[in-house]
Amino acid sequence: MAKHATLYQHGTLALLVPGLLTGTITMADLLKHGDTGIGTGDGLDGELIILDGKPYQVDHSGKVNVVPKSFTLPFANSHFARYAPLAELENVDQDELDKQMLSLSRAANTFFSVEVKGTFANIKTRAVEKSTPPYDTLAKTAENQSIFTRDQIDGTLLGYYSPQLFDGAAVAGFHEHFLSDDHSFGGHVLGFHLVKGEVTYQLFDTLEQHLPVNNKAYMAHDFSKDDILGSIHKAE
């Protein structure tokens, strides 16, 4: 199995829906499967972005922290970065950028990662406040979020594309996080205008799906009662 062609995923977005928010993998273990990635912390504790092997968390206050190896996550994606050039783009909004990346990659039916380095305007991100047990549902917990904006900032957008077939395990389409070059701003991306940026991508032919089988609440939960897709699309 070629490590650069493998996307590692711990947990699923579906397990977050009913409130299975306990961290079930440590950052130390996650980093064994990649030097690049995104995720969320125990109790939806902020938004994570891993760049060059360093894990950053944007917390509910908007502060960017480097998290310890003991930090735990209920859901995360990671891979070993080997991006290839895709395009140099300017003056495009998020929806148009996503459309162009999907068209240029010709990879609608598989997983891939995108990394966009450049100048972003009117960028809006969010981070959710950490909750404590007993956990509420994903939709309820995600209501307690902070929104952050910047008029213009340089940084890196890191995202993953998941094909429609896997909606539920991940969110079909793009899931994107951001970190500014000066590490003063970031989070889960809600919108932006790309002033100018270099777009790179990395194609995966293998999804390594890791499940928290040692978590009793996960193993005992009946997902047939949950509105998985509706809740994921509302929260994401």
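Here the structure is shown first, and the text comes after it.
Residues numbered from 1 in each chain as written. Predicted model: local features only at pLDDT ≥ 70, side-chain atom pairs only at ≥ 80, totals over all residues. Heavy atoms only, no water.

Undergrad: For this particular structure, what's the right way to read a nonpolar patch on the surface?
TA: A surface patch of nonpolar side chains, about 270 Å² in accessible area, is lined by Leu211, Val213 and Met219. As for its placement among the helices and strands, methionine 219 is situated in helix H5 (residues 216-220). (Patch = residues over 30% accessible without salt bridge, like charges linked within 9 Å, V, L, I, M, F, W, Y side chains within 5 Å. Areas by Shrake-Rupley, 256 points an atom, 1.4 Å probe, with all protein chains shown as cover. Salt bridge = Lys/Arg side-chain N within 4 Å of Asp/Glu carboxyl O. Helix = DSSP H or I, 4+ residues; strand = E, 2+ residues; numbered from the N terminus.)

Undergrad: What exactly am I supposed to notice about empty space enclosed by the protein here?
TA: Sizing a probe to match a water molecule and rolling it over the atoms shows the empty space that remains. One pass over the full model with this rule turns up 3 cavities of 30 Å³ or more. Size it by volume and the largest cavity reaches roughly 140 Å³. Only helix H1 (13-16), strand E3 (36-40), strand E10 (111-128), helix H4 (138-142) and strand E12 (173-180) provide two or more residues apiece to the lining of the largest cavity. Broken down by class, the residue content of the lining of the largest cavity amounts to 8 nonpolar, 6 polar and 3 charged. Reported here for the second largest cavity is a volume of approximately 60 Å³. Grouping the constituent residues of the lining of the second largest cavity by class yields 7 nonpolar, 5 polar and no charged. (1 Å grid on protein atoms, 1.4 Å probe; cavity = no way out; pocket = protein on both sides within 12 Å on 5 of 7 lines; lining within 4 Å. Points joined across faces, edges and corners; volume = space filled by probe spheres on them. Nonpolar A, V, L, I, M, F, W, Y, C, P; charged D, E, K, R; others polar.)

Undergrad: Would you explain helix H6 (residues 228-235) in this entry?
TA: Of the residues making up H6, those classed as buried are Ile228, Ser231, Ile232 and Ala235. Take H6 and look down its axis: the buried residues cluster within an arc of 100°, on one side only. Buried residues along H6 sit against H1, E10 and H4. The backbone nitrogen of glycine 230 has a side-chain oxygen 3.2 Å away, supplied by the residue at the start of H6, namely aspartate 227. (Buried < 20%, exposed > 50% of the residue type's maximum accessible area, 1.4 Å probe, protein only. Arc of directions from axis to C-beta. Contact = heavy atoms within 4.5 Å. Polar contact = N/O pair within 3.5 Å; in protein donor to acceptor, adjacent residues only side chain to side chain.)

Undergrad: Help me understand the layout of surface pockets in this model?
TA: For the largest pocket, the calculated volume is near 220 Å³. Of all the secondary-structure elements, those providing two or more residues to the lining of the largest pocket are strand E5 (54-58), E10 and E12. A per-class count over the lining of the largest pocket returns 5 nonpolar, 4 polar and 6 charged.

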